[in-house]
Amino acid sequence: MQVRRYTTSELTLRFWAAFALLLTFSAIFIAYVYAEKRIDEANAQRVYSLKIIGELRQSSDDLTRMVRSYIATGEHRYRDHFNEIIAIRNGQAARPIDYHQVYWDLVGEDNQRPRPAGSRISLMDLMKATAFTDSELATLSEAKAQSDLLAITEQNAMQLLERPETDQAQKVKNRQQALLAVFDQNYHTAKMAIMRPIARVYSQVDTRTAKEVDNAMFHALLTRILFILSGLLLFYSLWDIKRVHNSILGASVSHLYEQIKAMGSGEILQSASLRKAKPGSIMSWLGATQLRLNASIQERQSLIHTLQQKEQYQRTLIDSIPFVVWLKDIHGRYLEVNQKFAEQFEHRNTSLLVGKTDAELFDAQRALNHVVHDKQVLTCGEPVVIRSQHKTDNELHWFETYKAPVVVDGEKVGTVGLSRDITLEHTADNKLRLSASVFTHAREAIMITDPLGVMIDVNQAFTEITGYTAKQAIGCTPRLLQSEHQDEQSFNHMWQSLQQQGFWSGELWSRKASGEDYFQSLTLSAVLDEKGQLQHYVGLFSDITSQYQQQQYLEKIALYDSMTGLPNRSSLTRQLQALLQKADTNKMLAIAYLDLDGFKEINDRHGHETGDQFLIALSERLKEQLAENELLARIGGDEFVVLLPQLIDKKSGLTKIQQLLDVVAKPLKIDEWMLSVSASIGLTFYPQADATEAEQLIRQADHAMYQAKQDGKNRCHLFDTDYARSLRGHQETIQEIRQALQQKQFKLFYQPKVNMHTGEVIGAEALIRWMHPEKGMVAPALFLPAIEQHSLGVELGYWVIEEALRQLADWQHQGMAIPVSVNISAYHLQQLDFVNRLQLLLHFYSDVPACLLQLEILETSALNDLTHVQAVMQACIRSGVSFALDDFGTGYSSLTYLKQLPAKVLKIDQSFVRDMLVDPDDLAILKGIIVLANEFKREIVAEGVETTEHGEVLLQLGCTHAQGYGIARPMPAEQFIPWKKAWQPPELWATAIIGGNKGTSGADETLTTYPQHHAI
């Protein structure tokens, strides 16, 4: 088959044809874009026309609703809204932006407008400016006129209500006539006269605009088809140009370029490439030229290969030597080096080292040493061995070097050298000497035994700690040190672990030679030889008796009240949790939370010292009423908890509580005073229908105690577990909460956070409240547990965040920009889409800076997947949102959370702040938290500031930021700005010295030096 050969003129013609197709393609594309734009314009006109019609209908409905509301309630704001709707529709008042959306339902009693006002334009002018037909505009004008007539009727009805009448019966009659005027059949007929033309025009406009959209879409479809066809033609034209172009070249441009490049560098082209070239093409001409060069190139390559092979043999021989090898001439220039020699240098290339001298390769000192040794070898004519030390890879290494002269025909023409690294041998010798020194001078006692446990060597520290000399100890077993405080089972377990695992580490009691017991930290290790056979046992120990005693003391003050000696809250929680784990299903456990009524008056009237004595005497009296297995704990200033295990039924528990109430009510004689108080007791029982933790039971009793106080004090209130369980578990409760969310029964209250010293309001905490239509305001503790692990809890959490952002935007429009914190549950935070949904909310309220939103994580929350929570928090922080740890200090992982969670603020739990004036333990914990926060560079906010004295103590401790009832209670959003403008800190706070007074030594004066802050 004959191959057609194309000329360059044919290629040029195809180029011009393709250019013409490209212009056509571009023109059709522009037409297509225009057609698509017509579709958008038709759709926009359709939506706008229907919106204007809907506004006429909506305004008529709003007028009816306002006049009826005014007649029914008599509230003038509905009359004002009526007149304002007329004014906006007639262009007499400014039209609000987005007025066609829901508007009047968003105007509250304070007459606050939801959106700003725009320009003044009547509804009829808007209709005329819209692309309505004459008939449609006439029909709309008719509906407008009917609405204006009906508005006159409605105004008459309102005026009837506003007539000044002295006769009450006449007023009632006027109201009935006004109501009849806006509810009778005539009113309904007039209303139909408005709505029917509106509905007719709406249908006409809907049909007409839909047809315009369809026409625009049809024209767009035609241009789209032309666009595709022209694109296909253009693609074919370009493909044809490529085909002709390749036929002329005989190969692709890149391939031809590579072949020319290879030919220029002397490479041989592949015969397969030459065979594929089309006759008469440039590639075929290039191939013919290359064939003539191939013979000479191949001959040259064969010679080069032979020379390279001989050189490779020589190089392999010298590089196979595992030591550094070199050859120098008489002038010290390197003639040959091996690869081991080149590894000393960064480039590791032997060819770059040949011809160099020592001065060019090494530092001055090392080069001088090499020259001196070379001259020594050439002078004496005998080999020498040299030991030297120098740096290799920034580390000091020891080397052993062999140098010998090179003699040719009896003449010395150079030197040959060989060097090896002996650092390991040198280090091993030093280690042996060092080990002996460490064993002798170590501060920890060291004993070495044989495989049977017989001591074969001990160091000086062993003698200093135990009192046994080496002579007394060697030949004995470690049982020489066994104490009576340590049982035999512990030693058996220690040796069993040592034999099975090869090591044991722990703490145990031992005995000195004097018979004195001491507490030691001991580590035992088995030493094996190269074959894995046991050689020795090595034991290291130190005397930690003082540390052990200090730990015991710290545990005591951490778990027991320093004044009464009773268990504190931490000890109570531990013991209660232990009781729950081994609880008998046939017995009941009662938890009673006891708060004294009237104790504050004793402190105020007789002083804190008398109050202390009263609490001690009362706690002793209460303990006398309890059995051996029953527990009394003090968890606050005048708050106690009683645990009553092994109860037969609830009745026996209630009987016991009544006895406690009677005991508390009996007067106590303190000094010459007869003092008496009563008690409010909250009571809960275990087991319950749902799984319950120790802390939750204490909180249940706490809630019940507050209810007892509200009911009149000096009584016991039983926690309603059935109601709480129904809130947590029953579907009816879940549905009730969901319905409350839909009906907007939830509301956010805001509690201020302030700088107590400067008076600056630094933020607010958003707190949810359920405004129940029947139960009134429901506290969060009564409904949030029901949805804690439910998707509804997540939905409510997003509502709280969105409501807080909306309030931030509203405050920002009013000129106030302060951070607002929102509580987030652990379950909500661990949702996989939390970050995405939060970013969507931030984007929706883009006018609100993300830094004004702070998320509070409850420090006692069960954050099971801490790694995931860290990642979520980091993603939120990158979006600008910050975090705070709430209730800090009440959980079991405070330090872990403080170290691993990127929260910038710590909120000290109010239980520590509230009782710090009367409880030295709470005050000590508070000081520790402040020190921790300062060390970790965290901000602090103290919760529970209820009095001026609380704030004064916090300021002396260096904590300036706080919130609490002593500053302000949570309040609705509309009350926040007036409160902020009026609030001033107490004079005592404004003049306080932050961090307390400093002595000349720089030490802080403790708060216990101030009588007014003496802890009870």
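**Q** Hey, could you run me through the overall build of the chain in this one?
**A** For the chain, the helix and strand inventory stands at 34 helices and 27 strands. Relative to a compact globule of 1016 residues, whose C-alpha radius of gyration would be 31 Å, the chain shows 47 Å and is clearly more extended. Each of the three principal axes of the chain carries a C-alpha extent, and together these read 150 × 115 × 60 Å. The burial tally for the chain puts 42% of its 1016 residues in the buried class.

**Q** What's the story with the layout of surface pockets in this structure? I'm lost.
**A** Any space left empty among the atoms is revealed by the rolling of a water-sized probe across them. Estimates place the volume of the second largest pocket at around 1700 Å³. In this structure, the second largest pocket is lined by 36 residues; those nearest its centre are Leu 106, Glu 803, Arg 806, Gln 807 and Asp 810. Top contributing element to the lining of the second largest pocket by residue count: helix 25 (residues 791-813), with 9 residues. Grouping the constituent residues of the lining of the second largest pocket by class yields 16 nonpolar, 6 polar and 14 charged.

**Q** Would you mind showing me how to read the side chain of His 370 here?
**A** In this structure, His 370 sits in helix 12 (residues 364-380). Filtering out sequence-adjacent residues up to four positions away, His 370 remains in contact with Lys 328, Tyr 334, Asp 358, Phe 362 and Lys 403.

**Q** Is there a simple way to explain the sheet that holds strand 7 (residues 455-458) in this structure?
**A** Sheet architecture is open: 5 strands sit in the order 7-6-10-9-8, paired in antiparallel fashion. Only two strands of the sheet have a single neighbouring strand rather than two, namely strand 7 and strand 8 (503-511). When strand polarity is set aside, the average angle formed by the axes of neighbouring strands in this sheet is 25 degrees. By the bridge criterion, 5 bridges tie strand 6 (residues 445-449) to strand 10 (residues 534-543) in an arrangement that is antiparallel.

**Q** So what exactly am I meant to see when it comes to the sheet that holds strand 1 (residues 324-329) here?
**A** To summarise the sheet geometry, strands pair through backbone hydrogen bonds and adopt either a parallel or an antiparallel arrangement. Pairing within the open sheet is antiparallel, and its 5 strands lie in the order 2-1-5-4-3. The open sheet has two free edges, formed respectively by strand 2 (334-337) and strand 3 (384-392), since each of these has just one partner strand. In this sheet, adjacent strand axes meet at a mean angle of 25 degrees when their direction is disregarded. For strand 3 and strand 4 (residues 395-408), the ladder comprises 9 bridges, and the chain directions are antiparallel. Bridge pairing in strand 4 places Thr 392 opposite Glu 395.

**Q** Help me understand the pattern of salt bridges, please; the structure alone is not making it clear to me.
**A** For side chains bearing opposite charge, pairing can occur when the charged atoms are close. Tallied over the full model, the rule gives 37 salt bridges. Between Glu 856 and Lys 753 there is a salt bridge, with the nearest N and O atoms lying 3.3 Å from each other. Of this pair, Glu 856 sits in strand 22 (residues 853-858) while Lys 753 is found in strand 18 (residues 746-755), placing the two residues 103 residues apart along the sequence. We note that Glu 856, like Lys 753, is buried.

**Q** When you look at the environment of Pro 451 in this model, what are you seeing that I'm missing?
**A** Here Pro 451 shows up in the loop between strand 6 and strand 7. Pro 451 sits 66 residues away from Asp 517 along the chain, and the two C-alpha atoms are 27 Å apart. Setting aside residues no more than four positions away along its own chain, Pro 451 makes contact with Leu 534, Gln 535 and Tyr 537.

**Q** What is the right way to read helix 25 from this model?
**A** What sets the pattern is the α-helix's 3.6 residues per turn: residues three or four places apart point alike. Taking 1.5 Å per residue, 23 residues should reach 33 Å; helix 25 reaches 33 Å between its end C-alpha atoms and fits that length. Positive phi appears at Gly 815, one or two residues downstream of helix 25, with a value of about 90 degrees.

**Q** What am I meant to see in the packing of aromatic side chains here?
**A** The geometry of an aromatic ring pair comes down to the distance between the two centres and the angle between the two planes. Scanning the model with the defined rule gives 27 aromatic pairs in all. Judged by centre distance (5.5 Å) and plane angle (85 degrees), the rings of Trp 509 and Tyr 548 are edge-to-face. With Trp 509 in strand 8 and Tyr 548 in helix 17 (residues 545-559), this residue pair connects regions lying 39 residues apart in the sequence. With centroids separated by 6.1 Å and ring planes inclined at 50 degrees, the aromatic side chains of Phe 976 and Trp 979 adopt a geometry described as tilted.

The rules behind each value
- Residues numbered from 1 in each chain as written.
- Predicted model: local features only at pLDDT ≥ 70, side-chain atom pairs only at ≥ 80, totals over all residues.
- Heavy atoms only, no water.
- Helix = DSSP H or I, 4+ residues; strand = E, 2+ residues; numbered from the N terminus.
- Rg over C-alpha atoms; globule rule 2.2 N^0.38 Å.
- Buried < 20%, exposed > 50% of the residue type's maximum accessible area, 1.4 Å probe, protein only.
- 1 Å grid on protein atoms, 1.4 Å probe; cavity = no way out; pocket = protein on both sides within 12 Å on 5 of 7 lines; lining within 4 Å.
- Points joined across faces, edges and corners; volume = space filled by probe spheres on them.
- Nonpolar A, V, L, I, M, F, W, Y, C, P; charged D, E, K, R; others polar.
- Contact = heavy atoms within 4.5 Å.
- Pairing = 2+ DSSP bridges.
- Axes fitted to C-alpha atoms, helices over the stretch in contact; angles between N-to-C directions.
- Salt bridge = Lys/Arg side-chain N within 4 Å of Asp/Glu carboxyl O.
- Expected span 1.5 Å × (residues − 1).
- Phe/Tyr/Trp six-rings, centres within 6.5 Å; stacked < 30°, edge-to-face > 60°.

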